[in-house]
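Inside the fold
If you want the building blocks of each chain, they are given just below.
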Amino acid sequence: MRDAHMNLWKSYGAAAASGLLMMASMPGYDLWFLAWVGLVPLLLALRGRSSVHQYLMINVACIIWSIGTHGWYPSIFSGWGYLVMIAGGLYYGAILKMGYDMSKRVRGWYSIFSIPAAFSVWEWIKTVVPFTKTWWIELLPKSQWTVPENLQLLSITGFIGLSFLILLTNVSLAEMIERGWGGKKRPWIPAFFLLLPFMNYGMGYATVQGGAESLAERPITIGATVDLANQDPEVLALGNAGFAGDGYVADTDDMKQRIFDINSELSRQLQEGRKADFIVWGENEFMNLDDRWLYEQVQELSRELGTTLVVDSVWNTDRVMYDTAVMIDSAGEELGRTPKIFTLWGEEEYGFSPGPRQYAVYDTEFGKAALAVCWDRHDPSILRNYAKEGARLVLIPADDDFGGDARFPVFAASDAVFRAVENRIAIGSGSTSGMAQVITPYGEVTAASEVNERQFIVGDTFVLEGKTFYTNYGDAFAYLLSACFVFLFIGSERNKRRMK
């Protein structure tokens, strides 16, 4: 009996270890390789345990994983953030338990797909449900955001394909370890599936290497600033303490001028070292487009620097107010303005409205470009639609500051990398406090800022012609995998009744 209890505690220890391994694979820790093996201790520990213990072990792993990944939630939801972190773990625990039970009931070699299909489909579902779509930006495949070779699958399947592959690898490895190779039934099927991540990396490597020539022959140099204005006491003291949910409001002329001065000085320093074709500022909403005195200063700065500036502003129309990105070329002429589409609660309470989904693109000397603002990176459909309209370059003012929490910005940065690979678009992003980035169409980050540090960055990218399968057909793979999940679930439920 004592040995049984000891083995049970070892099983729970293995479950906890899986939670820690999966947590360590996520953005911020970036031990990406652990995602491919992190669930193996848990899967092995579940063997021979009762359904109740299996449920508890799975939730131990998933709650640890969720808490370690969502440590920034209290910065948004205050004390409720801790409960939301646990709820996220319970959600993942429920779908993993569902997949595990299905794998034991489904007959046939394809039962190995049960856990990967269940997890991937329900992870995708939470990205299309309104509340979770907005705030639940943690995804298993984001563990790979620093490894462009592993991401190229996204141009076909979106993130769900990579999520499926990671889970399939974990399940296959657990099967190999459990069965061993010396028995009569050698595990040929899981052994075959263990080749897939290596094949994916190999094809991705060849794809990414193909971009090196484009980067050398047709570089586009993008600069970006991180002004840290929303954490600067001197800047904030110039305003009237206005607050729009996710940041300050530049509500006095002195405050607006100071934010402009900070970014203009950073831009001058940037151009002195290396001339940029575009310079992108953060989502600082420092200017109302009716402020002609300030708008003219932006035009003059563009002419002085000989570059195209992308800045964030407030656009008051006859009926609504928009948070708007504006692009002004080196001649001081406005090339275009695009309102933010994905607005957050605090912004809407303050009075900002979501921009119309018109997906305007603008002609530049480097091809068609689109403008987006901050959270627009998070919804895959927004940048995908810009790409469908012909945009090959997207320039994004962003604000990743939630009380100065340094953990959130890397998740927002990973969103931009994913959107670049999905649609083969180049991205340049400025920030108020988080990670400014320059990204190639293959997801290589050629320049990135630190978090919570006033600075500028400069990096090269390039543009590619043509549209990806994902750009043209969106979540087609997600729907296909959902159909496979339904097939497996029906088979599982039918066999469950037969077993009873």
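Going by the structure above, here's the rest.
To start, this report covers the structure provided alongside it.

How each quantity is defined
Residues numbered from 1 in each chain as written. Predicted model: local features only at pLDDT ≥ 70, side-chain atom pairs only at ≥ 80, totals over all residues. Heavy atoms only, no water. Helix = DSSP H or I, 4+ residues; strand = E, 2+ residues; numbered from the N terminus. Rg over C-alpha atoms; globule rule 2.2 N^0.38 Å. Buried < 20%, exposed > 50% of the residue type's maximum accessible area, 1.4 Å probe, protein only. Areas by Shrake-Rupley, 256 points an atom, 1.4 Å probe, with all protein chains shown as cover. Patch = residues over 30% accessible without salt bridge, like charges linked within 9 Å, V, L, I, M, F, W, Y side chains within 5 Å. Salt bridge = Lys/Arg side-chain N within 4 Å of Asp/Glu carboxyl O. Lys, Arg positive; Asp, Glu negative; His and termini not counted. Charge placed at Lys NZ, Arg CZ, Asp CG, Glu CD. Expected span 1.5 Å × (residues − 1). Axes fitted to C-alpha atoms, helices over the stretch in contact; angles between N-to-C directions. Parallel < 35°, antiparallel > 145°, perpendicular 65-115°, else oblique. Contact = heavy atoms within 4.5 Å. Nonpolar A, V, L, I, M, F, W, Y, C, P; charged D, E, K, R; others polar. Phe/Tyr/Trp six-rings, centres within 6.5 Å; stacked < 30°, edge-to-face > 60°. Lys NZ or Arg CZ within 6 Å of the ring centre and 35° of its normal. Left-handed = near helix turned anticlockwise from the far one by under 90°.

Things to note about the overall build of the protein
Scanning the protein for helices and strands turns up 20 helices and 13 strands. Taken over the C-alpha trace, the protein has a radius of gyration of 24 Å; the compact-globule value for 500 residues is 23 Å, and the two agree within 12%. For the protein, the spread of C-alpha atoms along the principal axes amounts to about 80 × 50 × 40 Å. Buried residues in the protein amount to 59% of all 500 residues. Carbon together with sulfur atoms contributes 58% to the accessible area of the protein, which is approximately 20100 Å² in total.

Section: a positive patch on the surface
There is a patch of like positive charges on the surface, built from R107, R494, R497 and R498. By the secondary structure assignment, R494 is in helix α20 (residues 476-499). The exposure class assigned to R494 is partly exposed, which follows from its relative accessible area of 39%.

Structural notes on the pattern of salt bridges
A full pass over the atoms with the stated rule returns 20 salt bridges. Close ionic contact of D415 with K142 constitutes a salt bridge, the shortest N to O distance being 2.8 Å. Separated by 273 residues along the polypeptide, D415 in helix α18 (residues 408-423) and K142 in the loop between α7 (130-135) and α8 (148-151) bring together distant segments of the chain. Taking relative accessible area as the criterion, K142 reaches 0% and is therefore assigned buried. Among the ionic pairs, R419 bridges to E422, the shortest N-O distance being 2.8 Å.

What about α18?
Taking 1.5 Å per residue, 16 residues should reach 22 Å; α18 reaches 24 Å between its end C-alpha atoms and fits that length. Of all 16 residues making up α18, 16 are buried, and the element is well covered by its neighbours. Count one or two residues on from α18 and you reach R424, which has phi positive near 55°.

What to know about a nonpolar patch on the surface
A cluster of nonpolar side chains, contributed by V52, Y55, L56, I67, W80, L83, I86 and L90, occupies part of the molecular surface with about 780 Å² of accessible area. Of all the secondary structure elements, the ones that give two or more residues to the nonpolar patch are α3 (51-69) and α5 (80-105). Tracing the sequence through the fold places I67 in helix α3. Residue I67 is classed as partly exposed on the basis of its relative accessible area of 39%.

Looking at the packing of helix α14 (residues 253-273) against helix α15 (residues 292-305)
With their axes 11 Å apart at the nearest point, α14 and α15 run at an angle of 5° to one another. Between α14 and α15, the angle falls in the class roughly parallel. On α15, the residues touching D253, K256, Q257, F260, S264, S267, R268 and Q271 of α14 are W293, L294, Q297, V298, L301, E304 and L305. Split by residue class, the contact of α14 with α15 holds 6 nonpolar, 5 polar and 4 charged.

Here's the deal with the packing of aromatic side chains
According to the stated counting rule, one finds 25 aromatic pairs in the structure shown. Connected via pairs of aromatic rings, a cluster forms that spans W109, Y110, F113, F164, F192, F193 and F487. The ring centre of W315 lies 4.9 Å from the NZ or CZ of R337, which sits over that ring. Lying over the aromatic face of Y470, R384 brings its terminal NZ or CZ to 5.9 Å of the ring centre.

A look at the packing of α5 against helix α6 (residues 114-125)
Helix-helix packing: each pair is described by the crossing angle between the helix axes and the interaxial distance. Between α5 and α6, the least distance of the axes is 7 Å, while the angle of their chain directions is 150°. In terms of orientation, α5 lies roughly antiparallel with respect to α6. Handedness of the α5/α6 crossing: right-handed. Contact residues: Y91, Y92, I95, L96, M98, G99, Y100, M102 and S103 in α5; S114, I115, A118, F119, W122 and E123 in α6. Among the residues making up the contact of α5 with α6, the classes are represented as 11 nonpolar, 3 polar and 1 charged.

A short note on unusual backbone geometry
Not every positive phi belongs to a glycine, and E285 is a case in point at roughly 45°. Mapped onto the elements of the fold, E285 is located in the loop between β2 (278-280) and β3 (287-288). Exposure remark for E285: the relative accessible area of 11% places this residue in the buried category. The backbone phi angle of R424 is positive, close to 55°, even though this residue is not glycine. Mapped onto the elements of the fold, R424 is located in the loop between α18 and β10 (426-431). By relative accessible area, R424 is classed as buried at 12%.

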